[in-house]
Amino acid sequence: MSMGVEDADRFRSLATAELPRLYSVARRLVGAEAEDAVQDCLLKAFRAFPTLENPGAGPAWLLAVLVNCCRDRGRRNSRRMEDSTEDEDLDRFSLYRKIALEDPFPYSDSLHLDFLAQFSREDVRAVLLSLPLLHRAPLVLVHMEGFSTKEVATMLDAPLGTVLARLHRGRKLFERRLWEYAEEHGLLRRGAVG
Amino acid sequence: MISCSDAVRQLWEYLDGAVAEADRARIEEHLAFCRRCCGEVEFGHELRRFLTDHADDDVPDEVLRRLRSTLDQLEEPR
């Protein structure tokens, strides 16, 4: 299908409106390669735009193209896309209990909220980027971008059960990495003083 | 009656409303008497809010300019 002038204009208008969101999602999925991933997405989506039947689905469609571009980059770059090794302890890990047990801020009346308050936007992004892309993608798309698990399954071209399992593992990994990151980056000491 | 660790394992799915009816009933039965797990549920809500609150990023103007320029350079139809 060829691209007419009107299609090209409609595509530019759609993509311009969605650029901030695309870049924001890409930063969480591929970190420093976000700009390249968005460029890949724009090129690929421009070519495929005439095949988009429902213009109302444009924003979600564009995001799906972006997610695919991010996955391609993840595959090329490293093993981050791969599942991490089996870890039976992870399933039963509870950040809530870890914080209560370790009690990092002894004078706090709201220990758990104070723990979360130590994390800047940059810290949260770094924690997310330390997770395998396989688990990070559903976590970002469901909990940060507000898509349903069914929509994410379509976007990732994966069965719903697979997405639910990856999301479950992603959330557990996220909880555990929050704690590890706080320890590694001195957030617990800083919170205890502040 | 399920244990605390079984309740914790299903917590996020419970908050999503994605557990089967029988599992939901078992979790709620557990929550009715376990104060610690009620704390888990509250914290689960907080963690979800925490993720949502960290969703938006400011895009540097320079990056936006470059991406808009990519859009402008997409080949026009002939």
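Small disclaimer: the values here were computed from a predicted structure and weren't measured.

Criteria and thresholds
- Residues numbered from 1 in each chain as written.
- Chains lettered and ligands numbered in written order.
- Predicted model: local features only at pLDDT ≥ 70, side-chain atom pairs only at ≥ 80, totals over all residues.
- Helix = DSSP H or I, 4+ residues; strand = E, 2+ residues; numbered from the N terminus.
- Rg over C-alpha atoms; globule rule 2.2 N^0.38 Å.
- Buried ≥ 20, exposed ≤ 12 C-beta atoms within 10 Å, placed from the backbone.
- Contact = placed C-beta atoms within 7 Å.
- Nonpolar A, V, L, I, M, F, W, Y, C, P; charged D, E, K, R; others polar.
- Axes fitted to C-alpha atoms, helices over the stretch in contact; angles between N-to-C directions.
- Parallel < 35°, antiparallel > 145°, perpendicular 65-115°, else oblique.
- Left-handed = near helix turned anticlockwise from the far one by under 90°.
- Domains from an automatic or database assignment.

Engineer: Tell me what's going on with the overall build of chain B, and back it up with residues and numbers.
Structural biologist: Summing up its helical and strand segments, chain B has five helices and zero strands in all. When the elements of chain B are put in sequence order from the N terminus, they spell out α-α-α-α-α. For chain B, the C-alpha radius of gyration of 23 Å lies well beyond 12 Å, the compact-globule estimate for 78 residues. Across its three principal axes, chain B shows a C-alpha extent of roughly 70 × 30 × 15 Å. Going through the 78 residues of chain B one by one, you find that 18% of them count as buried. In chain B, the share of contacts with a sequence separation of at least 24, taken over all contacts with a separation of at least 6, comes to 57%.

Engineer: Just give me the short version of the interface of chain B and chain A, but keep the residues and values in it.
Structural biologist: It is common to report an interface's size as the accessible area lost on association of the parts. Between chain B and chain A, the contact holds 28 residues from the first and 32 residues from the second. Among the secondary structure elements, those contributing two or more residues to the side of chain B that touches chain A are α1 (4–9), α2 (11–16), α4 (35–53) and α5 (61–73) of chain B. Examining the composition of the side of chain B that touches chain A, we find that eight residues originate from one element, α4(B), more than from any other. Residues belonging to the side of chain B that touches chain A are distributed by class as follows: 13 nonpolar, five polar and 10 charged.

Engineer: I'd like to hear about the packing of helix α1 (residues 5–30) of chain A against helix α8 (residues 133–144) of chain A, residue by residue, with values.
Structural biologist: All names here are of chain A. Their axes nearest at 9 Å, the elements α1 and α8 cross at an angle of 150°. By the angle class used here, α1 and α8 are roughly antiparallel. Crossing hand, α1 versus α8: right-handed. Packed against α1, whose contacting residues are Val25, Arg28 and Leu29, the element α8 presents Leu133, Arg136, Ala137, Val140 and Met144 at the interface. Its residues placed into classes, the contact of α1 with α8 shows six nonpolar, no polar and two charged.

Engineer: Talk me through the domain arrangement of chain A; I want residue IDs and the actual numbers.
Structural biologist: Residue and element names in this part refer to chain A. Taken domain by domain, chain A comprises domain 1 (5–77) and domain 2 (88–193). Here the C-alpha centre of domain 2 lies 26 Å away from the C-alpha centre of domain 1. Of the residues lining the interface, 10 residues belong to domain 1; the matching set on domain 2 comes to 12 residues. Among the secondary structure elements, those contributing two or more residues to the side of domain 1 that touches domain 2 are α1 and α3 (58–77). Ranked by the residues each element gives to the side of domain 1 that touches domain 2, the list is headed by α3, at five residues. A class-by-class count of the residues in the side of domain 1 that touches domain 2 yields five nonpolar, two polar and three charged.

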